[in-house]
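Commentary on secondary and tertiary structure
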Amino acid sequence: MPSYLGNGSPARSPHARPYLHPSISRLRSFTPQPSRTPSAASAATVHSHLHDSVSAAPSHFSALSRSSSVTNLSAHVANSGTPPTQMQSPREVLRWTQLRLVGEHIYAGQTSKVSSVLGAQSSGSPTALAANGLICVGTDTGRVLVFDFKQTLRCVCGNESSEKNVGAVTALALSFDHTYVAVGHAAGYIQLYDLRSPKVAARVVPPTTLSAVASGRQEGHIAGSRIVSVGFVAGRHTALVSADDSGLAFYHSLGKVFFVDATDILRILGKYPDEEAPDASLALGHRFRRRRARKPATILSMAPLPLGTCTHPTDTYNLVALLTPIKLVIVGLKPSPKTWYRRHRDTGEEVSSKSRFKGTLAWFPSVSLHADLSSASERDSKKSPVNGIHPSSTPTLAYSWGECLHLLRVSEDKVTQTVKDAKSGKTSKVEIGRIVFEEMGSWTASDDILALQWLNVNQIIVLTPAAFEIYDVRTFKLVERERFDAWTLVSPVLSHTTNGSLTYSDAVSEVAHSVRMYKGKIFLLGQHGIQVGTLLTWADRILSFVSEGDFLSAIDLTRSYYVGEAPGNRNGLPDNPEMLRTVVGQKMRELMAASAQYAFSEDRMLDNTHVTADGRGVDRTELFEELVTACARACMALDDYDFLFEDLFGFYDNNCIVAIFLRQLEPFMISGEIRHVPPRITQRLVALHDEDNRPDLVERLIWHIDPDCLDINQAIMLCQRHHLYDALIYVYTRALRDYVSPVVELLGLVRRVQQWRRQRAEASPTSSNFMEEQSIEPVVLNAYKIYPFIADTLTGLTYPSEEPLPDDEAFEAKNDVYKFLFYGRSSVWPEGEGGRLVLTSDEENGVEPTYPYTRLLLRFDPEAFLHTLDLAFEDAYLNDDSRGVSRFVIVKILLEILASPELSQEEQTFIHIFVARNVPKYPQFIQIQSSVLHNILIGLAEDPDPSTREDRQLAAEFLLSVYTPHESERILELFRHAGFFRILRSWYRQEKQWRELLGTYLEDPELPSHDVFTTLDDVLKAAKRANKRKLPTAVCNKLLDSLPNLLLSDIPNTAALIDEHLPDQHEAALNALGPHADHERFLYLQYLLHPLRRKPAEDDIALPRQSKPSPHVPSHLRQAYIKLQCQFEPSGIIPALQMLPEDYLDGQEAARTCEQHEVFAAVVWLADHGGDPQAAISKAEAFEQRLSTRVADVLASHEEESVETVPDSLQKLEAVADTATSICVARSRPTSSTDAPLENLWLQLLSSQIDCVQRVASCCSLEALGASESIPSDDPHVQHEHEAISSLRALVHKTFTALMSVSSTRAVSFPRLFKRLVGSASASKAHVSKGTLYTEFRTILTGMLESFRSEGDMLVITKHLVDRDVADTIAELVSERSKGWAPARGACSACGVAFVVGNKKPVEGEVDAAAENEKIVVSRTGAIYHSRCLPA
């Protein structure tokens, strides 16, 4: 039979409602989520606007290049499936060029022709480099090879005797005019060569001795001191400065007087050593000696201020910067030598010994900014308004200690002083200059800085052990980094490691003389060649892609420069953002145009890049797809789409591959990156998806783009044909600003579903008119979209993206939808001519009710519709009552609909909930008569649906907050029948009706039992406080009446509750359990009398638990507890008795109870607890005799049924024996005060146990008395006998063990006791032969001794194992210690970290414990390293 609702409409089928679920409905008792879930049909498109287009991989447009070959073309095709991350190569920062011709001279030996001309056999290995105008390479033979930049050997400075006389070249400098070379040598010599006659040095400054210095005859470098730096002062050829490794620096003026060399030497830094300097011959050889420590005054780097392209006032001071491990000193040589600046190294910069002697410096002189600025725009912006004179830069010094880099700017300040002439007495004003130093800043590199050079006025390049790093001095930030192994460069002092003067790690990192900079070029002196590097600018990188034919990567890189996302330096780009966009934007447009023209040129479309060597075709789709993507991103950055939509689209359209263009453009449209697309292109894309039969893609596309870009007629026709209601709503609302037409369209679907429901309900399941649910499911899903659409519109949001609408459009949309939905009769739509009447009746030509559209939406799904209205009520639009629709008007319409007789119960319920929830929320807007509110309250209570009970109760609570009913008794009765216990509890608590309040907790089926007892306890306490600390009789009766249910729910909590509030009613509670609930009674009493005994079921007791037994339990219930304990948990009787206080029980009665239940151990304990240990042992003896006799009788009867009782008897025997033994042990302690003779107690106990053994043994067969191995497996009776006799022997063994543990006491003597035991046993056992008796004693003692022997053997074995492990460990340590060479000290020579920390806790900067296991290496010089710190 078809089922109908109250209004005659069929019941809804159980379809899943896609719009909302009760768990998120605002009308339910659960709090809804802040954001609503859109329809299931549009779920796939809701977040599609979040689509992030992944940047295309660097294209290989070189496959389209005219220079492409078949080989690299096939390789591109083969690698087309490679992930983009794998196809990308590391970004090139510096482009290196090998100077092969120079390398052939230096590294491969000289040709015979050159050797014959120069008269030299070999130039030697390179040691130092100078490159400023010429390339000068010093060698270990003491000579210097000079090349021009065409790699032509100009000359060789020095001769064959240079190595023998002056040593290897360790420092080089080329004069400002490139005509003289100054050379510093390892032996302390300084030579000056004129490149016009290079064979013989023009001037030589030999080293001196300490004796000559002491006599005042000569100053200079001490013989054997290695020259670490040499340089020309300003533009002079004969003015030099030099520094050595001992910390001495000198100024040399190499003049002539009467054509005779006259050398003037001035010491500018350092002190002479006290002891005699080493002989020069030792410095040139390789003899071993102890390493001397490097002095703190060692000069790490020295450089005079060079001349720049512009003169600067500081040039006249001839400044020289010197850097030591502890300070920076700047000395001026003119007009008189003076120290102008001194800065000591910060304490925080003094790091480990690894970085202590790492330091370098470099000057940047004054240059014309017009010539040095990076771009033409900067040069133009820096022009002076007067005569086009350009400003110059200020000399700047960059210096480093370890990994810290500092900048120091140097300038001159003129000060006017008054000078008085001593002769004439006249005064005059004279300007006197002074040097001003300004600290510009500092920053930290990634590692120790080994070399430092200036790239240009704004950038510094530093060399660390692992990389070149380029920093911008304006921002102090790293702009470029390229990996480079610094140990591949040449160190001029590497040979000094053989004589111990330097460690290998220090020597190999002295590479500052192998790195030089000249006009933006980086010159490197490597161990296998000389390289020249150039920092790539933005134009260089783009040009490199273009030269390879990779236009798409060039476009992407240009775009990254345009938007400021390109990594690395910005050399060559204007600083002005507008000028940058102009320059880069023009380049990007040129690249896009060139790429498109070449890609679609006729020659390229027909060349051999489309065919492989074997004649197969090559798919070029990926390349044309990447062209669209790259150009689209570029046009987005330019915000100019003319090229994309005009030129590029034309290329694809003309070549009949427009589908590629459209499919690559679509992701940008979906993501919202490109919102405005010409309608002609959008029309083609929509038609493309329509041809592919992909309506879902059409829908997604339509509502993700700007509606002005749509072909409205095409979009509406497609949406209606494919039922794309999300897209249709978007077209109506965003393109036509029509918010009523979507409502009309969706109301038609709702009416169709309602008609289907009626037809299905009226048709028989076997008839042909019966329709399956699958046929209407798509219509239901689309029909439900009306609710989120109305909710979004009435709250000022777009559907389905939920973006805010403009205020004026949102107002018009709300006004139109409200007027249409809540109009009193059916409407014609569209308005005017051609409109049709929008009907809602389930039958064709049926009668239309009042407010037809409101009724239809309410009938279709009342909860969803009223949920939508609840959202709309929060909008401020409804605050104005003059607009015709307000909250009050909507509520009146709902109440009018509520009065209709055909309304279903579900509709009535949700209308009641809606009104009850919103009246308190908007009291100033919704004012309803009390009678109406009263009827709503009654309606909420009378609804029989249990699924909405909690929701109705919450709504009633809302309503009661603003309305007080006058029929309180009737209302309370209705609430009780409805199950509104929360409201009743609040009401009764306020009125202090404790009995009724108690009933609400007891009768509420949904209240957890844990909460029931907690709340009951609170109510009872409140009732006591209100009644003079006494529980009212009515409350007591109510609680007693509820005892059966409470006990059924939770016995321990009930016991706690009764003991707290009705302590005299424990017997009534036990009676409420029933006549056959002994175990429940036991649990009840156990909770009260044994509070420390917790069970898993009692872990969740709500009420606080007492730590002592309850004093409210009557005495007969206490005895009953002992009886129940013996019955259900006999093993726990003694702990239970121990919990009870003194005089809590009648001991004799308890003992009789325990004896009746054969809990003999408890009887023994009670006797001892009463203060009579002798009686306790006597009872134990009697019980043991009784139990052993029972066992013997059973074994002698040979009845299989009786054998099953033997384990129980043995268990009781064991319990009695353990209790008796514990009594004897306790009485034997020194602290025990007992009058009973201890030896007699032990004797009686042991005699009784031995009697038990003899009694049972007399009934056993001989096989059972033997060893376990001799027991026949096919005789179960013998096995039972053996198990019984073994258990009894074990008891005796355990007792003897306990006796031996206390035999040290004076009152008990084990030998005397044993003698008495044997004697008493012989006298009392006349019927037993002495041989049998002694055999039994022997068996017992043998077992004890075997046990003790086994324990002793285990101790011996354990000791031997430990001794062996200790010996092996010590032997291994001694062996390891004897291996290897003894280190010079216990710390790594590179990082300075100790190898063995010992017991000291590690501190910050030290390695952890895991690092101690790292391998170490000891060199032949005694230096020791971690494997990770070992120099290469």
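Everything below is about the structure shown above.
Residues numbered from 1 in each chain as written. Predicted model: local features only at pLDDT ≥ 70, side-chain atom pairs only at ≥ 80, totals over all residues. Heavy atoms only, no water.

Considerations on a nonpolar patch on the surface
- A cluster of nonpolar side chains, contributed by Val1362, Val1366, Ile1370 and Val1374, occupies part of the molecular surface with about 350 Å² of accessible area.
- If you trace the backbone, Val1366 turns up in helix α54 (residues 1330-1377).
- Note on Val1366: relative accessible area 46%, which makes it partly exposed. (Patch = residues over 30% accessible without salt bridge, like charges linked within 9 Å, V, L, I, M, F, W, Y side chains within 5 Å. Areas by Shrake-Rupley, 256 points an atom, 1.4 Å probe, with all protein chains shown as cover. Salt bridge = Lys/Arg side-chain N within 4 Å of Asp/Glu carboxyl O. Helix = DSSP H or I, 4+ residues; strand = E, 2+ residues; numbered from the N terminus. Buried < 20%, exposed > 50% of the residue type's maximum accessible area, 1.4 Å probe, protein only.)

Let's talk about the pairing of strand β8 (residues 190-194)
- Of all five residues that make up β8, five are buried, and the element is covered over most of its length.
- Here β8 shows two buried faces, one formed by Ile190, Leu192 and Asp194 and the other by Gln191 and Tyr193.
- The antiparallel pairing of strand β7 (residues 180-185) with β8 creates a hairpin that spans four residues between the two strands, and Gly188 there sits at a positive phi of about 105 degrees.
- As paired elements, β8 and strand β9 (residues 203-205) share three bridges and run antiparallel to each other. Each residue of the ladder has a partner; that of Gln191, found in β9, is Val204. (Pairing = 2+ DSSP bridges.)

Focus on the packing of helix α35 (residues 981-991) against helix α36 (residues 994-1003)
- For the pair α35 and α36, interaxial distance at closest approach is 8 Å and the crossing angle is 160 degrees. Looking at the two axes, α35 sits roughly antiparallel to α36. When you trace α35 past α36, the crossing you get is left-handed. Here Phe981, Leu984, Arg985, Tyr988 and Arg989 of α35 come into contact with α36, specifically with Glu996, Leu997, Thr1000, Tyr1001 and Glu1003. (Axes fitted to C-alpha atoms, helices over the stretch in contact; angles between N-to-C directions. Parallel < 35°, antiparallel > 145°, perpendicular 65-115°, else oblique. Left-handed = near helix turned anticlockwise from the far one by under 90°. Contact = heavy atoms within 4.5 Å.)

A word on unusual backbone geometry
- At the junction of Lys334 and Pro335, the peptide bond is cis and its omega measures out at -10 degrees in the coordinates.
- Structurally, Pro335 is set in the loop between β16 (327-332) and β17 (338-344).
- For the peptide bond that leads from Trp829 to Pro830, omega is 0 degrees, which places it in the cis range.
- Tracing the backbone shows Pro830 in the loop between β29 (828-829) and β30 (836-837).
- Backbone geometry at Asp1143 places phi at a positive 60 degrees, although glycine is not the residue there.
- Its place among the elements puts Asp1143 in the loop between α44 (1133-1139) and α45 (1147-1156).

Side note on the packing of aromatic side chains
- Evaluation of the coordinates by the stated rule reveals 36 aromatic pairs.
- Here a set of aromatic residues connected by ring pairs shows up, and it is made of Phe600, Phe624, Phe649, Phe651, Tyr652 and Phe661.
- Note that Arg887 overlies the ring of Phe925, its terminal NZ or CZ placed 4.8 Å from the centroid. (Phe/Tyr/Trp six-rings, centres within 6.5 Å; stacked < 30°, edge-to-face > 60°. Lys NZ or Arg CZ within 6 Å of the ring centre and 35° of its normal.)

Some words on the sheet that holds strand β28 (residues 530-535)
- Reading across from one edge, β1-β28-β27-β26 is the order of the four strands in this open sheet, with antiparallel pairing throughout. Of all the strands in the sheet, just β1 (94-98) and β26 (515-518) have a single pairing partner and so form its edges. Neighbour-to-neighbour, the strand axes of this sheet turn through a mean angle of 25 degrees, independent of strand direction.
- Sheet topology places β26 next to strand β27 (residues 521-525); four bridges connect them, and they run antiparallel.

Structural notes on the nonpolar core
- Membership of the largest hydrophobic core comes to 255 residues, with the highest contact counts inside it found for Leu644, Leu866 and Tyr1084.
- Once residues within four sequence positions are removed from consideration, Tyr1084 is found in contact with Leu1047, Ile1051, Ala1055, Ile1058, His1066, Ala1069 and Leu1070. (Core = buried A, V, L, I, M, F, W, Y, C linked by side-chain atoms within 4.5 Å.)

Quick word on helix α15 (residues 577-599)
- A rise of 1.5 Å per residue sets the reference length of α15, with its 23 residues, at 33 Å; its end C-alpha atoms lie 32 Å apart and thus fit the reference within 8%.
- Buried within α15 are the following residues: Leu580, Val584, Gly585, Met588, Leu591, Met592, Ser595, Ala596, Tyr598 and Ala599.
- Here α15 starts with a cap whose side-chain oxygen sits 2.9 Å from the backbone nitrogen of Glu578, and that cap is Asn576. (Expected span 1.5 Å × (residues − 1). Polar contact = N/O pair within 3.5 Å; in protein donor to acceptor, adjacent residues only side chain to side chain.)

What about the pattern of salt bridges?
- Tallying each qualifying case throughout the model produces 47 salt bridges.
- Between Arg694 and Asp696 there is a salt bridge whose closest N-O contact spans 2.9 Å.
- Between Lys1021 and Asp1017 there is a salt bridge, with its nearest N and O atoms 3.1 Å apart. Here Asp1017 and Lys1021 lie together in helix α37 (residues 1009-1026), a separation of four residues that amounts to about one turn.
- Through salt bridges with shared partners, a single network forms among Glu1158, Arg1186, Arg1190, Asp1208 and Lys1212.

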